[in-house]
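Coordinates in review
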Amino acid sequence: MDSPAGFFDRLRLASRARSSLLCVGLDPSPEHLDRGADGALAFCTDIVERTHAATCCYKPNAAFWEQYGPDGWRALALLRARIPDDIPVLLDGKRADVAPTMRAYATAAFDALRMDAATVHAYHGSDSLREYTRYADRGVYVVCRTSNPGSRDLQHLLTPDVPLYLRVARLAASLDTNSNVGLVVGTTAPEQVREIREHHPEIPFLLPGIGWQGGDLEAAVGAAWNGDPASCLISVSRGVLYADDPAKAADVYRRQINDVLATSPAPRSAQ
């Protein structure tokens, strides 16, 4: 049976099958592991085997694999092949460059590595982003408002009418001709999550920052959720990867997210 054409359709199916909005980051750190890229591959394969029942998406961060050199890229490709076919995989590379370079980045992510989605930056503008969004069956999450403390240095600067992060959201939405564009919005800024959702009630969000960064799960999920399983993908990395029991940790996060949904106001839209 053929899989749904679009990334967000595949994400919805995985979410409903597992009653989960949890995205587990696969970010192996040498300080916690040994045996280099092979050790990282074995570790993350084990994480997938333990957590796939509670996880609707996996998100390897490219940097954590690039640090191992060529062996890291090989290990990432092998890991991609070991993730269950019905769970989409999102490459967190946050690429940004002029259009020809972005075309090469997109080819690497979507053709060579067979990723279902990727993260990108918007600083180079629409011609750059279109090199990713032209892949109609793949998802493209545009970084909008990040979860780190330095986010205010640039992202909150005022343009003539709105803060820069809202202009980024507007640009991303304008490129969503294939229904394959989402936004990265940090859970450490629930006020901005709510504000961006008010301006863009339908667009899917990827919400990082839960756990080590101190994101507000309840406030961010409550602000982002609109009734669509693709609207509110919650990313957790270290809180699952380095837990004493990763399977239990993933299920706890899944249940905590679902508890927030159960007490959220009636959704503004649903699919």
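So, a few notes on the structure that sits alongside this text. (Residues numbered from 1 in each chain as written. Predicted model: local features only at pLDDT ≥ 70, side-chain atom pairs only at ≥ 80, totals over all residues. Heavy atoms only, no water.)

Some remarks on the nonpolar core
Within the largest apolar cluster, 71 residues are counted, with the highest numbers of intra-cluster contacts made by Leu-26, Val-142, Leu-183, Ile-196 and Phe-205. Broken down by element, this core gets its largest block of residues, 7 residues, from helix H2 (residues 36-51). Other than its neighbours up to four places away in sequence, Val-142 contacts Val-120, Ala-122, Leu-129, Val-168, Ala-172, Val-181, Gly-182, Leu-183 and Val-184. Within the second largest apolar cluster, 15 residues are counted, among which are Cys-23, Cys-56, Leu-90 and Tyr-141. (Core = buried A, V, L, I, M, F, W, Y, C linked by side-chain atoms within 4.5 Å. Buried < 20%, exposed > 50% of the residue type's maximum accessible area, 1.4 Å probe, protein only. Helix = DSSP H or I, 4+ residues; strand = E, 2+ residues; numbered from the N terminus. Contact = heavy atoms within 4.5 Å.)

A few points about the packing of H2 against helix H11 (residues 246-263)
Packing of H2 against H11 brings their axes to within 8 Å, and their N-to-C directions diverge by 55°. Compared by their axis directions, H2 and H11 come out oblique. When you trace H2 past H11, the crossing you get is right-handed. On the side of H2, the interface is formed by Ile-47, Arg-50 and Thr-51, while H11 contributes Pro-246, Ala-247 and Ala-250. Its residues placed into classes, the contact of H2 with H11 shows 4 nonpolar, 1 polar and 1 charged. (Axes fitted to C-alpha atoms, helices over the stretch in contact; angles between N-to-C directions. Parallel < 35°, antiparallel > 145°, perpendicular 65-115°, else oblique. Left-handed = near helix turned anticlockwise from the far one by under 90°. Nonpolar A, V, L, I, M, F, W, Y, C, P; charged D, E, K, R; others polar.)

Description of helix H4 (residues 70-82)
Its 13 residues give H4 an end-to-end C-alpha distance of 19 Å, which sits within 8% of 18 Å, the value for a rise of 1.5 Å per residue. Turning to H4, its buried residues number three or more, namely Gly-72, Ala-75, Leu-76, Leu-79 and Arg-80. For H4, the angular spread of the buried residues around the axis is 145°, confining them to a single face. Opposite its buried face, H4 presents the exposed residues Pro-70 and Ala-81, each directed more than 90 degrees away. Tucked into the core, H4 has its buried residues touching strand S1 (22-26), H2, strand S2 (57-60), helix H3 (62-66) and strand S3 (90-95). (Expected span 1.5 Å × (residues − 1). Arc of directions from axis to C-beta.)

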